[in-house]
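# A structural walkthrough
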Amino acid sequence: MPPPPPVPTLEDALQRRDFAAAAGIVKATPGLGREAAQQWAAWLAFHSGDAESALELYGAAEAASGRAYGLHRASCLYQLRRYQEAQALAQQVRRGAWRVWRTSARCWVGV
């Protein structure tokens, strides 16, 4: 009897661009954690062409974790051809990033 085929890994699925298989592997991965699973689910939805689901998942991840996923959400809006919303959100992210950089620069140079 031949040996069973090897269990596919997330890396294998991603290299094949098999996002459905990758989503199944992420769901079946024990100990991944809710936040990481949400991030993977959103990323996989976006890359499989489901920007609407990705937008919802990134929003849920942002609400649950408090981390900013604005640029990810702006990319989803752009894919959905909601260009004005995407641009406004991207500009908010840019202004926020500038504030963070400026604040951290002050800490480093003592201004």
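The text that follows walks through the structure, step by step, so that each part is easy to find. Everything quoted here is computed from the prediction, not taken from an experiment. (Residues numbered from 1 in each chain as written. Predicted model: local features only at pLDDT ≥ 70, side-chain atom pairs only at ≥ 80, totals over all residues. Heavy atoms only, no water.)

## Some words on the packing of aromatic side chains
- Scanning the entire structure with this criterion turns up four aromatic pairs.
- Three or more aromatic residues link up through ring pairs in this structure, and these residues are Phe19, Trp40 and Trp43. (Phe/Tyr/Trp six-rings, centres within 6.5 Å; stacked < 30°, edge-to-face > 60°.)

## Looking at the environment of Ala61
- Position of Ala61 relative to the elements: it lies in helix α4 (residues 51-65).
- Every residue in contact with Ala61, bar those within four places of it in the chain, is listed here: Gln38, Gly66 and Tyr69. (Helix = DSSP H or I, 4+ residues; strand = E, 2+ residues; numbered from the N terminus. Contact = heavy atoms within 4.5 Å.)

## A short note on the side chain of Gln38
- Looking at where Gln38 falls in the secondary structure, it is placed in helix α3 (residues 34-47).
- Assessed through its relative accessible area of 13%, Gln38 is described here as buried.
- Excluding residues that lie within four positions of it along the chain, Gln38 makes contacts with Ala60, Ala61 and Ala64. (Buried < 20%, exposed > 50% of the residue type's maximum accessible area, 1.4 Å probe, protein only.)

## Side note on helix α5 (residues 70-79)
- Within α5, burial applies to Gly70, Ala74, Cys76 and Leu77. End-on view of α5: buried residues confined to an arc of 160 degrees, all on one side of the axis. Away from the buried face of α5 by more than 90 degrees, exposed residues Leu71 and Tyr78 are located.
- Residue Arg81 follows α5 closely and has a positive phi angle near 65 degrees. (Arc of directions from axis to C-beta.)

## Topic: the pattern of salt bridges
- On inspection of all chains with the given rule, the structure shows four salt bridges.
- Between Glu35 and Arg67 there is a salt bridge, and its shortest N-O distance comes to 3.2 Å. Of this pair, Glu35 sits in helix α3 while Arg67 sits in the loop between α4 and α5, and the two are 32 residues apart along the sequence.
- A salt bridge links Arg82 to Glu85, with the nearest nitrogen and oxygen atoms 2.9 Å apart. (Salt bridge = Lys/Arg side-chain N within 4 Å of Asp/Glu carboxyl O.)

## Description of the packing of α4 against α5
- Where α4 contacts α5, the two axes come as close as 9 Å, and the packing angle between them is 160 degrees. Looking at the two axes, α4 sits roughly antiparallel to α5. Between α4 and α5 the crossing geometry is left-handed. Contacts between α4 and α5 pair Ala51, Ala54, Leu55, Tyr58, Gly59 and Glu62 from the former with Gly70, His72, Arg73, Cys76, Leu77 and Gln79 from the latter.
- Residues of the contact of α4 with α5, tallied by class, amount to six nonpolar, four polar and two charged. (Axes fitted to C-alpha atoms, helices over the stretch in contact; angles between N-to-C directions. Parallel < 35°, antiparallel > 145°, perpendicular 65-115°, else oblique. Left-handed = near helix turned anticlockwise from the far one by under 90°. Nonpolar A, V, L, I, M, F, W, Y, C, P; charged D, E, K, R; others polar.)

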